[in-house]
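Now for the letters of each chain:
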Amino acid sequence: DAGGLRALLLEALRDQDLTRRRTAWDAFRHALPTDLNPEFRQLLSASLDLALLDLNGKRLGVPAYELLGGRCRDRVACSWVSYLRPAALLEDELRRKLGEGYTEFKLKAGDIELDLERARIFRRVAGDRVFLRVDASGLWDEAEAVDNIRRLAELGVQAVETPIAAASRMRGIDDPHEVGEEAAQALARVRQATGVPLIDHVGDF
């Protein structure tokens, strides 16, 4: 619970010099219960790392990025995620987001025929000027993935996220050891068979 985590954080950092970011961060990570969900544990430690960066940046009067080597870009591309919705709503949403300046989009997948229809609508509305990927969320087996990705690519889908069940993110969260070399080889076969870039949660491997 939140109260317990707050108490744990305060206890772990009680005698720490917060200007020594790595030492304070290590103290907190070592204090975290070993039975925590691996992803939740990672999120907690990353959150503290960001908080310590922010705190030290404020203390020194500089943006946190200066503590990480300095600014390397002025803008960061941001992708809009479009969840499963009727075609008419998707078209309105796309026009709105294109008007706001988005140039990268992700369509959540669910039913391949609907996914194909949504990809057609996307290219009709957006043309070729924006990047489009589909997130299958580990819905397909290897053969389905190859067939579906080929069909989607014909409609202008440029990348697919988490295409196969063997390497699904949920499987990796529940038991990271289950998503190993065999899953990686399956992903490689799908990539080679389709020629389409695949995006996956490599932290789970």
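Residues numbered from 1 in each chain as written. Predicted model: local features only at pLDDT ≥ 70, side-chain atom pairs only at ≥ 80, totals over all residues. Heavy atoms only, no water.

A word on the confidence of the model for the protein
This is how it is decided: Values of pLDDT, which run from 0 to 100, indicate the predictor's confidence residue by residue. For helices the rule is a DSSP run of H or I covering at least 4 residues; for strands it is a run of E covering at least 2, with both sets numbered from the N terminus onward.
This prediction gives the protein a mean pLDDT of 89; 93% of its residues lie at or above 70. Looking at the elements of the protein, mean pLDDT is at its lowest for helix H7 (residues 169–174), recorded as 64, and at its highest for helix H6 (residues 142–154), recorded as 97.

Overview of helix H2 (residues 21–31)
Selection rule: With a 1.4 Å probe rolled over the protein chains alone, any residue whose accessible area is under 20% of its type maximum counts as buried; one over 50% counts as exposed, and the rest are partly exposed. Note on definitions: a residue-residue contact is assigned when non-hydrogen atoms from the two residues lie within 4.5 Å.
Among the residues of H2, those classed as buried are Ala-24, Trp-25, Asp-26 and Phe-28. Looking at the buried residues of H2, the elements they touch are helix H1 (2–13) and helix H3 (38–60).

Quick notes on the side chain of Ser-45
Mapped onto the fold, Ser-45 is located in helix H3. Note on Ser-45: relative accessible area 8%, which makes it buried. If we ignore the near neighbours within four places in the chain, the residues touching Ser-45 are Trp-25, Phe-28 and Arg-29.

A look at the nonpolar core
The cut-off we apply is this: Nonpolar core, defined: a set of buried Ala, Val, Leu, Ile, Met, Phe, Trp, Tyr and Cys residues in which side-chain atoms within 4.5 Å join the residues together.
With 31 residues, the main nonpolar core has Phe-122 and Leu-152 as its most contacted residues. Contributions of two or more residues to this core are made by helix H4 (87–99), strand E2 (104–108), helix H5 (112–126), strand E3 (131–135), H6 and helix H8 (181–194). Residue contributions to this core peak at seven residues, all from H5. Once you skip the residues sitting within four places of it in the chain, Leu-152 turns out to touch Ile-112, Asp-115, Leu-116, Ala-119, Val-134, Trp-140 and Val-157. By size, the runner-up hydrophobic cluster in this structure holds 10 residues, among which are Leu-8, Leu-13, Ala-24 and Leu-52.

As for the pattern of salt bridges
Note the cut-off: Each salt bridge in this description consists of a side-chain nitrogen of Lys or Arg and a carboxyl oxygen of Asp or Glu lying within 4 Å of one another.
Per the stated rule, a full pass over the model turns up 15 salt bridges. With its nearest N and O atoms 2.9 Å apart, the salt bridge here joins Arg-14 to Glu-11. For Arg-14, a relative accessible area of 56% gives the class exposed. It is possible to trace a salt-bridge network through shared partners that takes in Lys-106, Lys-108, Arg-133, Asp-135 and Glu-161.

Regarding the packing of aromatic side chains
How we decide: Here the aromatic set is Phe, Tyr and Trp, taking the six-membered ring for Trp, and pairing holds for ring centres within 6.5 Å; pairs whose planes are under 30 degrees apart are stacked, those over 60 apart are edge-to-face, and all others are tilted. Two conditions define a charge located above a ring, namely a distance within 6 Å from the ring centre to NZ of Lys or CZ of Arg, and an angle within 35 degrees of the ring normal.
Applying the stated criterion across every chain, the model contains three aromatic pairs. For the pair Tyr-102 and Phe-105, a centre-to-centre distance of 6.3 Å together with 55° between the ring planes defines the contact as tilted. Accessibility expressed as a relative area gives 0% for Phe-105, which makes it buried. Residues Phe-105 and Phe-122 carry aromatic rings whose centres are separated by 5.2 Å and whose planes lie at 70° to one another, so their mutual orientation is edge-to-face. With Phe-105 in strand E2 and Phe-122 in helix H5, this pair connects stretches of sequence that are 17 residues apart. For Phe-122, a relative accessible area of 0% gives the class buried. Through a chain of ring-to-ring contacts, the aromatic side chains of Trp-80, Tyr-102, Phe-105 and Phe-122 assemble into a single cluster. Lying over the aromatic face of Trp-25, Arg-29 brings its terminal NZ or CZ to 4.2 Å of the ring centre.

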